[in-house]
Amino acid sequence: MEEEKRVEAMREAMDAQQAALAAQTRAAQASTDAYLAAQQEAKEASKERSETAASESRRGFLKMGGMVLVGAAVGVALGSAESSAVAVPVASGVITSLKNQYNSVVIAANGQITSLQSQISSLNGQIADLQASLDTTRGFITLSVTEQSLVEAIGEALIPSDSSGPGFQEAGGVYFIDRQLATDYGKSADMYMRGPFVMPNTAGPITVDGVTYAGGTMPVTIVSGMQYQYRMELREFWRYGLQAFETYCNSAYGGNFETLTPLDRIKALTDLYNNTPTSFNGIIPVDFFNEVFTLVWSGFLMDPLYGGNKGMVGWTYTGFNGVNTGDFYGEGQTDQQLMVATTATRLQPASLAQYQKGSP
Amino acid sequence: MSTVINEKPADVVLLGLGVMSGTIAAELSTAGHTVVGIEKGPYYQFDVDFAPVKYDEWGILYMRKFDHPLPLSTYSMRHDSTQFALPVRRYTPTEQIISLGHAVGGMAQHYAGAMGRAGPWTYEMLSETRSKYGPSFITDIEPHADFEDWPMSYDDYIPYYEAWEQSWGISGTDENPFIPMAAEFPLPPHPFTPIGSAMQKASEALGYHPVPAPSALASRPYVNQYGVSVNECVYDGYCGSACNYVCETGAKANAAFRTIPAAMKSGNFTMALNSYVFRLDTDSSGKVVDVRYYDAMGNVHVQPGTVFFNGMWGFNIVSSMLLSGIGSPYKPATATGSLGRGVTEANVVGPTATGIIPIGGNTYPSGNASGGGYIFHDLSDDNFDHTGLNFIGGLGMVEGIGTYAGGGPGNLSTYAAQAAPTNIGSAYKATWKDRYLVTSQPVSFLNYTNQLPVTDYYSDLDPHYTDAYGDPFARITLDYGANEFNTANYLIPKMQPVLQKMGCTNITVTPAAPPGSVHVMSWQAHTRGGARIGSDQSTSVFNKYQQCWTCENLFAAGEITDMTGTNLTAGTHQAGPGSYVAAEGIRMYLENPGLLA
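Quick caveat: nothing in here was measured; it's all calculated off a predicted structure.

Peer 1: Teacher, can you tell me more about the overall build of chain A here?
Peer 2: Across its full length, chain A carries twelve helices and four strands. In chain A, buried positions account for 41% of the 360 residues. Long-range contacts, defined here as pairs at least 24 residues apart, represent 64% of the contacts in chain A between residues at least 6 apart. Just so you have it, chain A exposes about 18100 Å², and 55% of that area is on carbon and sulfur atoms.

Right, here's the structure in full:
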């Protein structure tokens with residue numbers, strides 16, 4: 001059949017791409033290994049020479065800043081924690097010669113590092129491109145180009161990728177939000193959307209459809225089902241809110257949110273909560289903050305089926321089990337044990353799709 | 001273009017197929033009567049519809065995929081009659097927990113299954129208080145108090161409680177000294193949690209009388225009086241969390257899995273699904289002759305019958321009768337009329353008492369929503385002396401203390417309530433690191449109080465908003481009163497010694513927010529009253545047989561027909577016996593029509 005052939009061809013192409021990718025990765029790894037070995041050798045050679053020089057001279061020692069810097073550069077480039085200072089004797093002829101020798105080694109090593117770094121970075125880019133081309137579910141349905149970067153930046157500010165673990169970006173939270181805005185959530189499909197539209201916590205008297213209410217409207221808590229009294233659907237609410245937020249960041253902090261310092265990002269978000277922006281496209285800023293906060297965290301912690309929490313990184317971070325009720329990967333625990341246990345058992349999370357498939 | 005379709009008459013016509021209608025369907029159809037049930041939602045089967053897709057926090061808790069669609073209808077809410085009422089426009093994971101009942105099975109599709117009988121005092125609250133503490137004790141607390149004794153006593157209700165508990169398969173024990181039981185609950189309690197056991201020991205040492213919290217989740221395989229088989233709970237969590245998870249084994253009691261199957265087997269029962277009742281038509285004698293409903297295509301069906309049972313969700317009972325011109329609408333200005341009168345809500349007004357107990361475990365979903373814990377009634381009802389106090393009733397302990405930690409995943413309900421500037425960035429993120437693997441856990445006592453019905457609070461038709469078909473829906477005027485705040489402020493500090501005895505640290509008591517402030521009374525979870533039963537026709541809509549005073553072939557049951565609130569959260573358990581009283585009333589009426597006495 002024609003279609004089967006096409007699928008087969010696609011599979012083959014994919015296999016070939018994957019093989020190429022693997023080969024490239026191996027090549028990069030080999031280069032890195034070779035470099036590391038060379039670097040180690042150079043370092044040992046340099047150390048040997050230093051020691052020789054040291055034994056030849058009984059004078060005082062001088063710490064050479066350049067060496068420290070080289071050590072630091074290597075450390076940064078390759079994740080090595082090593083950055084030791086090497087002592088070099090102050091003895092005119094020997095020193096100059098050693099210095100020259102050593103500098104030439106350093107220059108060569110740094111050249112190699114730079115070259116390898118750019119190779120690695122280029123390979124990483126190629127890998128990312130290949131992965132993206134193989135993943136047909138990563139893409140945007142409704143978020144505009146400017147909204148994509150803004151939502152991504154807000155998400156990173158709220159749930160940063162940091163030393164404690166992956167954040168909003170690794171979870172692909174922006175795809176969760178994109179999908180929600182494009183479907184029932186964004187369309188307010190399950191919301192009561194008839195008028196009149198009157199905001200909560202409005203002081204009286206107010207007149208609605210010719211009826212006057214001395215008491216206005218009651219205050220409600222921010223997460224109440226009566227808080228949202230806007231005429232626009234949530235997709236439009238986000239569009240208005242994101243635009244207004246960017247405008248506010250420009251006027252209050254001198255640039256788009258994405259360009260602000262981490263501290264200013266937090267300040268700008270805090271302003272939303274405190275209703276600091278006086279003009280916000282007709283939206284109460286804290287309502288927008290609340291909506292964004294909830295959706296961002298949902299992009300980190302809801303089932304991967306919805307596009308976020310990629311690889312269940314959010315669940316791994318929080319120690320959440322998903323649908324692993326104790327034995328999904330053959331751990332041998334039961335719900336009945338877990339529900340009365342007095343110590344916690346870490347379970348590898350399982351997703352809804354895995355559960356429906358019936359196996360890891 | 002819509003057409004009018006005339007349906008065949010039935011002996012009994014059920015408006016809505018929720019918990020209450022389920023009882024009527026089973027009782028009357030198995031007794032040989034023809035029964036037609038009209039339900040606005042679909043009929044979900046737990047094994048087919050729930051099992052593959054229930055473990056879905058976003059879909060269940062946020063998107064409410066099995067719930068009533070709010071575009072079809074909703075309700076509006078305000079705190080007093082000078083205000084414009086705001087419509088509930090959306091569900092939220094933290095507050096708007098009510099699902100307005102949808103699909104066969106109704107509200108019980110989503111609940112924790114917390115059960116327990118209302119004690120004898122509830123049914124005679126007014127006369128008991130007056131005789132013990134003086135005639136003005138209640139009006140000193142609430143000058144506008146507006147309630148009577150129930151038309152039947154606790155002893156009168158016992159056989160109906162038993163029938164209800166059997167059909168539902170309640171688990172628990174009969175050891176509660178404050179609520180005497182002639183028969184045990186049909187099923188034993190669920191296994192206790194370490195926190196539940198700690199609470200039991202601590203409260204016992206302090207002289208209280210803890211009992212396992214009764215639950216509507218089957219602790220064993222079970223067959224009820226209709227021969228309907230029930231699966232036992234599999235304890236895999238995804239059960240509670242604002243009560244919204246559906247049950248994939250049918251262990252969580254729900255009319256669709258307890259009573260409706262019996263009716264279906266009888267051969268006398270027909271269901272009209274995705275059908276929205278909009279009018280009850282009466283004749284010149286004031287009796288209902290038929291109901292009209294829209295089917296999924298928008299056609300109008302006319303369903304005639306002999307007896308009609310209004311088993312709609314909550315205030316839809318009130319609004320459907322108001323729209324049909326049945327009953328006497330309540331007028332708050334003069335405190336006259338009965339339909340819409342006496343609305344109350346059992347809920348947490350704060351304060352709360354919380355502590356941290358050094359017991360670890362997994363707090364991700366396992367167990368179920370209402371098992372595992374203990375409850376005591378020593379500080380409920382009039383089980384302690386109220387002399388000199390400024391409230392009646394007492395503490396309701398919800399599902400009990402020590403309920404399984406993972407009744408439902410708490411992701412959404414936690415962070416959705418924590419949107420704040422302090423919760424931005426790495427520090428807040430770090431609070432989520434291994435959050436589900438704990439070495440200590442919070443324990444909290446919330447106070448579900450007795451809200452006294454007052455003349456200020458009621459339900460009527462909203463003058464501004466309409467449902468999808470252009471009819472007005474219910475508007476609720478309701479706020480907490482002095483009794484609730486006084487109860488909470490007095491009793492919650494008494495939980496401090498219990499927490500101490502349990503070995504808790506970091507014990508804090510949060511004071512109640514005063515009336516009128518922003519508080520959780522912006523949603524309805526356990527609302528009662530509005531179409532009450534009673535002995536006095538001027539303040540009640542239905543008599544003790546749950547039969548309408550002014551429309552003798554119309555019956556109803558549900559929390560909405562309760563004369564007073566209780567401090568049980570689960571109005572279902574108190575209303576359940578009412579459905580069995582109504583079933584008996586309907587049987588009597590079919591044999592011998594007329595107002596029952």
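Let's pick the thread back up.
Peer 1: It is not clear to me how the overall build of chain B should be interpreted in this structure. Could you clarify?
Peer 2: Per the secondary structure count, chain B includes 16 helices and 24 strands. What you see for chain B is a C-alpha radius of gyration of 23 Å, in line with the 25 Å of a compact globule of 597 residues. For chain B, the spread of C-alpha atoms along the principal axes amounts to about 65 × 60 × 50 Å. Across chain B, the fraction of contacts at a sequence separation of at least 24, relative to all contacts at a separation of at least 6, is 76%.

Peer 1: Help me out: how do you make sense of the packing of aromatic side chains in this one?
Peer 2: Two measures describe an aromatic ring pair: the distance that separates the ring centres and the angle between the ring planes. Residue and element names in this part refer to chain B. Summed over all chains, the structure comprises 56 aromatic pairs over all chains. Centre to centre, the rings of Trp-150 and Tyr-157 are 6.1 Å apart; their planes meet at 85°, and the pair counts as edge-to-face. The exposure class of Trp-150 is buried, given its relative accessible area of 7%. Measuring from ring centre to ring centre gives 6.3 Å for Tyr-465 and Phe-473, while their planes differ by 5°; the resulting arrangement is stacked.

Peer 1: Any chance you could explain the side chain of Ser-319 of chain B here in plain terms?
Peer 2: Residues and elements named next belong to chain B. Mapped onto the secondary structure, Ser-319 falls in helix α11 (residues 316–323). On the basis of relative accessible area, Ser-319 is assigned to the buried category, the value being 7%. Those residues in contact with Ser-319, other than ones at most four positions away along the chain, are Leu-461 and Ala-474.

Peer 1: Looking at this structure, I do not really get the nonpolar core. What am I missing?
Peer 2: The nonpolar side chains of a soluble globular protein tend to be buried, and buried together. One finds Trp-238, Phe-245, Phe-257 and Leu-269 of chain A together with Trp-168 of chain B to be the most contacted residues of the largest nonpolar core, which totals 194 residues. The element contributing the most residues to this core is helix α9 (residues 285–301) of chain A, with nine residues. Leave out the neighbours within four places in its chain, and Phe-245 of chain A touches Leu-150, Ile-154, Phe-257, Ala-268, Leu-269, Leu-272, Phe-280 and Phe-288 of chain A. Residues Leu-395, Ile-401, Ile-492 and Met-502 of chain B belong to the second largest nonpolar core, which totals 29 residues.

Peer 1: Looking at this structure, how should I read the interface of chain A and chain B?
Peer 2: Accessible area lost during the coming together of the parts is what is often quoted as the interface size. With 86 residues of chain A at the interface, the matching set in chain B holds 84 residues. Both faces considered, chain A and chain B share a buried interface measuring about 7100 Å² in area, 62% of it formed by carbon and sulfur atoms. Across the contact surface, chain A and chain B share three salt bridges. Between Asp-162 of chain A and Lys-429 of chain B there is a salt bridge whose closest N-O contact spans 2.9 Å. Remark: the boundary between chain A and chain B carries 40 residue pairs in polar contact (both at pLDDT 80 or more). For the side of chain A that touches chain B, the element with the highest residue contribution is α9 of chain A, accounting for nine residues. Residue composition of the side of chain A that touches chain B, by class: 50 nonpolar, 28 polar and eight charged.

Peer 1: What's the story with empty space enclosed by the protein in this structure? I'm lost.
Peer 2: The method is simple in principle: a probe with the dimensions of a water molecule rolls over the atoms, and the space it marks as empty is what remains. The final tally for this structure, using the stated rule, is twelve cavities of 30 Å³ or more. Sorting elements by how many residues they give to the lining of the largest cavity places α9 of chain A first, with four residues.

Peer 1: Can you walk me through the pattern of salt bridges in this structure?
Peer 2: Working definition: two side chains of opposite charge can pair if their charged atoms are close together. Following the criterion strictly, the structure yields 19 salt bridges over all chains and no others. For Asp-264 of chain A, the salt bridge is made with Lys-267 of chain A, and the minimal N-O distance between the two is 3.9 Å. Here the residue Asp-264 of chain A and the residue Lys-267 of chain A both occupy positions in helix α8 (residues 262–273), the gap between them amounting to three residues, near one helical turn. Between Glu-165 of chain B and Arg-117 of chain B there is a salt bridge; the shortest N-O distance is 2.7 Å. You can see Glu-165 of chain B sitting in helix α7 (residues 154–168) and its partner Arg-117 of chain B sitting in the loop between β5 (86–87) and α4 (120–123), a full 48 residues away along the chain. For Glu-165 of chain B, a relative accessible area of 2% gives the class buried. What makes Arg-117 of chain B buried here is its relative accessible area of 2%. Ionic contacts of the salt-bridge type, sharing partners, join the residues Asp-146, Arg-341 and Arg-532 of chain B into one network.

Peer 1: Please explain the confidence of the model for chain A as it appears in this structure.
Peer 2: Note: predicted coordinates in regions of low pLDDT should not be interpreted at a detailed level. Summary statistics for chain A give a mean pLDDT of 82 and a share of 74% for residues scoring 70 or more. Confidence drops under a pLDDT of 50 for residues 56–90 of chain A, and excluding neighbours within four residues, the segment shows 48 contacts in the predicted structure.

Peer 1: Please explain the packing of helix α7 (residues 234–253) of chain A against α9 of chain A as it appears in this structure.
Peer 2: Describing two packed helices takes the angle between their axes plus the distance from one axis to the other. All names here are of chain A. At a closest axis distance of 10 Å, the pairing of α7 and α9 adopts a crossing angle of 110°. By the criterion of interaxial angle, the relationship of α7 to α9 is roughly perpendicular. Residues Leu-234, Phe-237, Trp-238, Gly-241, Leu-242 and Phe-245 of α7 form the contact with α9, whose participating residues are Asp-287, Phe-288, Glu-291, Val-292 and Leu-295. For the contact of α7 with α9, the class distribution of residues is eight nonpolar, one polar and two charged.

Peer 1: Sorry, what's going on with helix α5 (residues 173–182) of chain A here?
Peer 2: Each full turn of the α-helix corresponds to 3.6 residues, which orients residues three or four apart in the same direction. Burial of α5 of chain A is extensive: nine of the ten residues sit out of reach of the surface. Within α5 of chain A, the full set of buried residues consists of Gly-173, Val-174, Tyr-175, Phe-176, Ile-177, Asp-178, Arg-179, Gln-180 and Leu-181 of chain A. On its buried face, α5 of chain A sits against α4 (145–158), α6 (184–187), α7 and α9 of chain A together with α3 (57–62) of chain B.

Peer 1: Hey, could you run me through unusual backbone geometry in this one?
Peer 2: Keep in mind that most residues, glycine aside, have a negative phi and that most peptide bonds are trans. Residue and element names in this part refer to chain A. The residue after Gly-195, namely Pro-196, is reached through a cis peptide bond having omega 5°. Within the secondary structure, Pro-196 sits in the loop between α6 and β3 (206–208). For the bond running from Gly-204 to Pro-205, omega is -5°, close enough to zero to count as cis. Positionally, Pro-205 belongs in the loop between α6 and β3. Even without being a glycine, Asn-201 presents a positive backbone phi close to 55°. Position of Asn-201 among the secondary structure elements: in the loop between α6 and β3. The backbone of Asp-209 sits at a positive phi, close to 50°, despite the residue not being glycine. Owing to a relative accessible area of 55%, Asp-209 belongs among the exposed residues under this scheme.

Peer 1: Which parts of the structure should I look at to understand the side chain of Ser-29 of chain B?
Peer 2: Residues and elements named next belong to chain B. Among the structural elements, Ser-29 can be located in helix α1 (residues 19–30). Here the side chain of Ser-29 touches Ala-25 through a polar contact of 2.5 Å, landing on its backbone oxygen. Polar contacts involving the side chain of Ser-29 include one to the side chain of Ser-266, which spans 3.3 Å. Apart from residues no more than four positions distant in its own chain, Ser-29 is found in contact with Ile-24, Val-35, Ala-263, Ser-266, Asn-268 and Phe-269.

Peer 1: Hey, could you run me through the sheet that holds strand β18 (residues 441–445) of chain B in this one?
Peer 2: Hydrogen bonds between backbone atoms are what pair the strands of a sheet, whose relative direction is either parallel or antiparallel. Residues and elements named next belong to chain B. The antiparallel open sheet is built from three strands, whose spatial order is β18-β14-β21. At either end of the open sheet lies a strand with only one pairing partner, and these are β18 and β21 (505–510). For this sheet, the mean inter-axis angle between neighbouring strands, taken without regard to orientation, is 15°. Relative to β21, strand β14 (residues 352–357) runs antiparallel, the two being bridged by four bridges. Its bridge partner lying in β21, Ile-356 is registered against Thr-505.

Peer 1: In this structure, what is going on with the packing of α5 of chain A against α9 of chain A? I would like to understand it.
Peer 2: All names here are of chain A. Contact pair α5 / α9: the axes reach a minimum separation of 8 Å and the direction vectors enclose 120°. Between α5 and α9, the angle is such that the two are oblique. Our pair here, α5 against α9, has a crossing hand that is right-handed. Residue-level inspection shows Gly-173, Phe-176, Ile-177 and Gln-180 of α5 in contact with α9, the latter providing Leu-295, Val-296, Ser-298 and Gly-299.

Peer 1: Explain α7 of chain B to me, please; I cannot follow it from the model alone.
Peer 2: All names here are of chain B. The terminal C-alpha atoms of α7 lie 19 Å apart, and with 15 residues this matches the ideal 21 Å at 1.5 Å per residue to within 8%. The largest bend in α7 comes to about 30°, at Tyr-160. Among the residues of α7, Tyr-154, Tyr-157, Ile-158, Tyr-160, Tyr-161, Trp-164, Glu-165, Ser-167 and Trp-168 are the ones counted as buried. One or two residues past the end of α7 sits Gly-169, with phi positive at roughly 70°.

The rules we used
- Residues numbered from 1 in each chain as written.
- Chains lettered and ligands numbered in written order.
- Predicted model: local features only at pLDDT ≥ 70, side-chain atom pairs only at ≥ 80, totals over all residues.
- Heavy atoms only, no water.
- Helix = DSSP H or I, 4+ residues; strand = E, 2+ residues; numbered from the N terminus.
- Buried < 20%, exposed > 50% of the residue type's maximum accessible area, 1.4 Å probe, protein only.
- Contact = heavy atoms within 4.5 Å.
- Areas by Shrake-Rupley, 256 points an atom, 1.4 Å probe, with all protein chains shown as cover.
- Rg over C-alpha atoms; globule rule 2.2 N^0.38 Å.
- Phe/Tyr/Trp six-rings, centres within 6.5 Å; stacked < 30°, edge-to-face > 60°.
- Core = buried A, V, L, I, M, F, W, Y, C linked by side-chain atoms within 4.5 Å.
- Buried area = accessible area lost by both parts, 1.4 Å probe.
- Salt bridge = Lys/Arg side-chain N within 4 Å of Asp/Glu carboxyl O.
- Polar contact = N/O pair within 3.5 Å; in protein donor to acceptor, adjacent residues only side chain to side chain.
- Nonpolar A, V, L, I, M, F, W, Y, C, P; charged D, E, K, R; others polar.
- 1 Å grid on protein atoms, 1.4 Å probe; cavity = no way out; pocket = protein on both sides within 12 Å on 5 of 7 lines; lining within 4 Å.
- Points joined across faces, edges and corners; volume = space filled by probe spheres on them.
- pLDDT = per-residue confidence, 0-100.
- Axes fitted to C-alpha atoms, helices over the stretch in contact; angles between N-to-C directions.
- Parallel < 35°, antiparallel > 145°, perpendicular 65-115°, else oblique.
- Pairing = 2+ DSSP bridges.
- Left-handed = near helix turned anticlockwise from the far one by under 90°.
- Expected span 1.5 Å × (residues − 1).
- Bend = angle between axes of the 7 residues up to and from the residue.

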